[in-house]
Amino acid sequence: MNFIFLGPPGAGKGSLAVKVAQDYKIPHISTGDIFRKNIKEQTPLGVKVKAIIDSGSLVSDELTCELVKSRLAEPDCKNGFILDGFPRTIPQAEMLAGFCPDVTCVNFTIADDVVIRRLSTRRVCKKCGANFNVLTKAPKVEGVCDECGGELYQRDDDKQESILHRMDVYREQTEPLIGYYREKGKLTDVDASIETDNLLEEFKKLFKA
């Protein structure tokens with residue numbers, strides 16, 4: 001199946017995508033990963049993206065869609081994929097429909113206060129990038145990563161002022177996609193307030209592998 005994961009920051013899309021990708025044997029694809037891969041490999045599209053980013057400009061919808069289209073044409077996507085972070089706008093969704101009309105949009109529903117609590121208590125390892133949470137997944141030693149012993153820190157993105165800004169941007173730019181896909185009969189809501197393992201079980205009931 002071809003999935004689009006849609007939801008606000010902190011809804012747990014990335015955490016669930018990792019588990020679904022493993023269980024369903026399909027790739028978890030984010031636009032950030034696509035950008036980095038193409039830039040690193042200096043593909044023609046990657047060269048274009050790097051020049052735009054270096055100039056301080058935003059990558060256009062057209063170029064972003066070109067990169068996504070190229071990625072979805074790779075062999076590992078033949079049995080399906082998970083798109084995380086794309087499309088972000090209705091114009092991007094319309095472009096995606098032009099080369100991949102068969103998609104299922106999974107909408108992660110979650111209350112604002114739960115998002116703020118989750119993100120503001122998240123801590124990330126500076127060394128290996130592992131995620132912890134001071135409330136629900138505390139490290140064995142405060143401020144120290146269980147995986148590699150690296151220092152844990154709070155990202156600027158996870159401070160309350162930044163969280164509120166990110167949620168505003170999501171509502172303005174991305175939330176309209178909920179109505180877009182619901183109208184087309186391609187949207188399924190999931191309760192993202194539950195723990196990832198329980199959410200995975202609910203996901204499997206909804207979408208048989």
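Note that the structure is predicted; figures quoted are calculated from it, not measured. (Residues numbered from 1 in each chain as written. Predicted model: local features only at pLDDT ≥ 70, side-chain atom pairs only at ≥ 80, totals over all residues. Heavy atoms only, no water.)

Enquirer: What exactly am I supposed to notice about the layout of surface pockets here?
Expert: Over the atoms a probe the size of a water molecule is rolled, and this reveals where empty space is left. The volume enclosed by the second largest pocket comes to roughly 150 Å³. In terms of lining residues, the second largest pocket is bounded by 13 residues, among which Ile34, Lys37, Asn38, Arg71 and Glu74 are the most central. Contributions of two or more residues to the lining of the second largest pocket are made by strand 2 (28-30), helix 2 (31-41) and helix 4 (61-72). Take the lining of the second largest pocket: its biggest share by element is 5 residues, from helix 2. (1 Å grid on protein atoms, 1.4 Å probe; cavity = no way out; pocket = protein on both sides within 12 Å on 5 of 7 lines; lining within 4 Å. Points joined across faces, edges and corners; volume = space filled by probe spheres on them. Helix = DSSP H or I, 4+ residues; strand = E, 2+ residues; numbered from the N terminus.)

Enquirer: For this particular structure, what's the right way to read the sheet that holds strand 7 (residues 152-153)?
Expert: Pairing between sheet strands relies on hydrogen bonds along the backbone, with the strands arranged either parallel or antiparallel. As summarised here, the arrangement of the 3 strands in space is 6-5-7, forming an open sheet in which the pairing is antiparallel. Two strands close off the open sheet at either side, each with one partner strand: strand 6 (131-133) and strand 7. Sheet topology note: the strand 5 (residues 122-125)/strand 7 ladder contains 2 bridges and is antiparallel. From the neighbouring strand, valine 124 faces strand 7, where its bridge partner is tyrosine 153. (Pairing = 2+ DSSP bridges.)

Enquirer: Please clarify how the environment of lysine 205 should be interpreted in this entry.
Expert: Within the secondary structure, lysine 205 is located in helix 9 (residues 196-206). Among the residues examined, lysine 205 registers a relative accessible area of 56% and is labelled exposed. Expressed as a C-alpha distance, the spacing of lysine 205 and arginine 88, which sit 117 residues apart in the sequence, is 27 Å. (Buried < 20%, exposed > 50% of the residue type's maximum accessible area, 1.4 Å probe, protein only.)

Enquirer: Sorry, what's going on with the packing of helix 1 (residues 13-24) against helix 9 here?
Expert: Two quantities define a packed helix pair, namely the angle between the axes and the distance from one axis to the other. Where helix 1 meets helix 9, the axes come as close as 10 Å, and the angle between the chain directions of the two elements is 50 degrees. By the angle between their directions, the pair helix 1 and helix 9 is classed as oblique. Where helix 1 crosses over helix 9, the handedness of that crossing is right-handed. Contacts between helix 1 and helix 9 involve Ser15, Leu16, Lys19, Val20, Asp23 and Tyr24 from the first element and Thr196, Asp197, Leu199, Leu200, Phe203 and Lys204 from the second. Class assignment of the residues belonging to the contact of helix 1 with helix 9 gives a composition of 6 nonpolar, 2 polar and 4 charged. (Axes fitted to C-alpha atoms, helices over the stretch in contact; angles between N-to-C directions. Parallel < 35°, antiparallel > 145°, perpendicular 65-115°, else oblique. Left-handed = near helix turned anticlockwise from the far one by under 90°. Contact = heavy atoms within 4.5 Å. Nonpolar A, V, L, I, M, F, W, Y, C, P; charged D, E, K, R; others polar.)

Enquirer: How should helix 2 be read in this particular structure?
Expert: Counting along an α-helix, one turn takes 3.6 residues, and residues three or four places apart therefore face a common direction. Those residues of helix 2 that sit buried are Thr31, Ile34, Phe35 and Asn38. The arc enclosing the buried residues of helix 2, seen along the axis, measures out at 100 degrees, which places them on a common side. What points out from helix 2, more than 90 degrees from its buried face, is the exposed set Arg36 and Lys40. On its buried face, helix 2 sits against strand 2, helix 3 (44-54), helix 4 and strand 3 (81-84). Immediately beyond the C-terminal end of helix 2, within one or two residues, lies glutamine 42, with a positive phi of roughly 55 degrees. (Arc of directions from axis to C-beta.)

Enquirer: How should unusual backbone geometry be read in this particular structure?
Expert: With glycine set apart, most residues show a phi of negative sign, and most peptide bonds adopt trans. With omega at -5 degrees, the peptide bond leading from phenylalanine 86 into proline 87 counts as cis. You can see proline 87 is positioned in the loop between strand 3 and helix 5 (90-99). The backbone of lysine 25 sits at a positive phi, close to 55 degrees, despite the residue not being glycine. For glutamine 42, which is not a glycine, the phi torsion comes out positive at approximately 55 degrees. Considering the arrangement of structural elements, one finds glutamine 42 in the loop between helix 2 and helix 3. Its relative accessible area of 63% is what places glutamine 42 among the exposed residues.

Enquirer: Just checking my understanding: could you explain the pairing of strand 3 for this structure?
Expert: Regular strands have side chains that alternate between both faces of the sheet. On strand 3, burial covers both faces: Phe81 and Leu83 on one face and Ile82 and Asp84 on the other are all buried. Strand direction decides the pairing type here: strand 1 (residues 2-6) and strand 3, joined by 4 bridges, are parallel. Directly across from phenylalanine 3, in strand 3, lies its bridge partner isoleucine 82.

Enquirer: Would you mind going over the packing of helix 2 against helix 4 with me for this structure?
Expert: Direction vectors running N to C along helix 2 and helix 4 enclose 85 degrees, while the axes themselves pass 10 Å from each other. With respect to their mutual orientation, helix 2 and helix 4 come out roughly perpendicular. Contacts from Thr31, Ile34, Phe35 and Asn38 in helix 2 reach Thr64, Leu67, Val68 and Arg71 in helix 4. Residues of the contact of helix 2 with helix 4, tallied by class, amount to 4 nonpolar, 3 polar and 1 charged.

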